[in-house]
Amino acid sequence: MSLEEKQTILACGAGTITKRVFPDGRIERCDNVKDVALYIEKIDEMIQRKEDLL
């Protein structure tokens, strides 16, 4: 297991993926849309999804 699979990563911006690693080793991901215009349009949704995950 590499370092990136052992820690939570918060990513911001179009096309990025936030990853949460739970104490039991389970990993959940939350990806952002890739299109910049759509990302800007849905920014509130992107923020809420990250808050729910973290």
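Summarised in this report is the structure supplied together with it. (Residues numbered from 1 in each chain as written. Predicted model: local features only at pLDDT ≥ 70, side-chain atom pairs only at ≥ 80, totals over all residues. Heavy atoms only, no water.)

## Quick word on the pattern of salt bridges
- Tallied over the entire structure, the rule returns four salt bridges.
- In this structure, arginine 26 engages aspartate 24 in a salt bridge whose closest nitrogen and oxygen atoms are separated by 4.0 Å.
- A residue is classified by how much of its surface remains accessible, and aspartate 24, at 60% relative accessible area, is exposed.
- We note a salt bridge from aspartate 31 to arginine 49, for which the minimum N-O separation is 3.3 Å. Linking aspartate 31 in strand β2 (residues 27–31) with arginine 49 in helix α2 (residues 43–53), this pair joins segments that are 18 residues apart in sequence.
- With a relative accessible area of 44%, aspartate 31 lands in the partly exposed category.
- The class for arginine 49 is partly exposed, based on a relative accessible area of 28%.
- Shared partners join several salt bridges into a network, and the residues in it are Asp24, Arg26 and Glu28. (Salt bridge = Lys/Arg side-chain N within 4 Å of Asp/Glu carboxyl O. Buried < 20%, exposed > 50% of the residue type's maximum accessible area, 1.4 Å probe, protein only. Helix = DSSP H or I, 4+ residues; strand = E, 2+ residues; numbered from the N terminus.)

## Overview of α2
- All of the buried residues in α2 are Met46, Lys50 and Leu53. Around the axis of α2, the buried residues are gathered within 65° of arc, so they sit on the same side. Facing away from the buried surface of α2 by more than 90 degrees, the exposed residues are Asp44, Glu51 and Asp52.
- Looking at the buried positions of α2, the neighbouring elements they touch are β1 (17–21), β2 and α1 (36–41). (Arc of directions from axis to C-beta. Contact = heavy atoms within 4.5 Å.)

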